[in-house]
Amino acid sequence: MAFAGRWETESQEGYDDFCKLLGIPADIIEKGRDYKLITEVTQSDDDFSWTQVYPTNATITNKFTIGKECDMETIGGKKFKATVSMEGGKLSVRFPNYHHTSEVSGGKLIETSTAGSVVLKRTSKKI
């Protein structure tokens with residue numbers, strides 16, 4: 001249940017390079033650079049609902065069960081099938097263009113997205 005709650009971005013590293021790699025337009029990158037992304041997570045055992053509110057006011061909710069294939073969606077609206085795993089307290093999932101992990105460490109939500117050698121690390125505080 002460590003993931004459950006409402007989280008707000010505190011800091012991020014590698015944002016510009018990661019967004020450029022994914023082909024996000026420059027104006028959207030600019031809007032999102034200092035935006036405090038809100039992440040809302042509900043968790044019941046292995047069942048999760050993970051919602052993120054983006055700077056364009058887009059809201060994406062992905063619902064999944066650890067170890068079971070599910071339908072997911074990217075911020076760009078691309079729908080895909082994925083299986084989220086839990087390894088050592090970290091959630092791990094492969095998106096179409098990158099690998100994403102999430103963990104709670106020191107009371108912070110740490111999300112890491114990796115595409116080749118480009119890494120976006122976002123740290124959020126519970127609100």
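It should be noted that the structure appears before, not after, this text.
Definitions and limits used
- Residues numbered from 1 in each chain as written.
- Predicted model: local features only at pLDDT ≥ 70, side-chain atom pairs only at ≥ 80, totals over all residues.
- Heavy atoms only, no water.
- Core = buried A, V, L, I, M, F, W, Y, C linked by side-chain atoms within 4.5 Å.
- Buried < 20%, exposed > 50% of the residue type's maximum accessible area, 1.4 Å probe, protein only.
- Helix = DSSP H or I, 4+ residues; strand = E, 2+ residues; numbered from the N terminus.
- Pairing = 2+ DSSP bridges.
- Axes fitted to C-alpha atoms, helices over the stretch in contact; angles between N-to-C directions.
- Salt bridge = Lys/Arg side-chain N within 4 Å of Asp/Glu carboxyl O.
- Contact = heavy atoms within 4.5 Å.

This next bit is on the nonpolar core. Formed by 24 residues in total, the largest nonpolar core has its most connected members in Phe3, Phe48, Trp50, Phe64, Met72, Val84 and Leu91. Where this core is concerned, the elements lending two or more residues are helix H1 (15-21), strand E3 (47-53), strand E5 (69-73), strand E6 (79-83), strand E8 (90-94), strand E10 (108-115) and strand E11 (118-126). A per-element tally of this core places H1 first, with three residues.

So, on to unusual backbone geometry. The backbone phi angle of Asp45 is positive, close to 55 degrees, even though this residue is not glycine. By the element assignment, Asp45 lies in the loop between strand E2 (38-44) and E3.

Residue alternation in E5 divides its side chains into a buried set, Cys70 and Met72, and an unburied set, Glu69, Asp71 and Glu73. Both E5 and E6 contribute to a ladder of five bridges, which runs antiparallel. Looking across to E6, one finds that Glu73 is bridged to Lys79.

If you walk across this open sheet you meet the nine strands as E4-E3-E2-E1-E11-E10-E9-E8-E7, and the pairing is antiparallel. Each having just a single partner strand, strand E4 (59-65) and strand E7 (85-87) make up the two edges of the open sheet. Here the average twist between neighbouring strands, direction ignored, is 25 degrees. Strand direction decides the pairing type here: E7 and E8, joined by three bridges, are antiparallel. Its bridge partner being in E8, Met86 is matched across the sheet by Leu91.

Before going further, it helps to spend a moment on the pattern of salt bridges. One pass over the full model with this rule turns up nine salt bridges. Salt-bridge contacts for Asp16 lead to Arg33; the nearest nitrogen and oxygen are separated by 2.5 Å. Taken as a pair, Asp16 in helix H1 and Arg33 in helix H2 (residues 26-33) lie far apart in primary sequence, 17 residues in all. With relative accessibility at 23%, the residue Asp16 sits in the partly exposed group. Two residues, Glu103 and Lys90, come together in a salt bridge whose shortest N-O distance is 3.7 Å. Here Glu103, found in strand E9 (residues 99-105), pairs with Lys90, found in strand E8; they are 13 residues apart in sequence, far enough to count as distant.

Right, let's get into the environment of Tyr15. Looking at where Tyr15 falls in the secondary structure, it is placed in helix H1. Among all residues touching Tyr15, those that are not within four sequence positions of it are Ile28, Ile29, Gly32, Arg33 and Leu120.

That is the geometry; function is a separate question.
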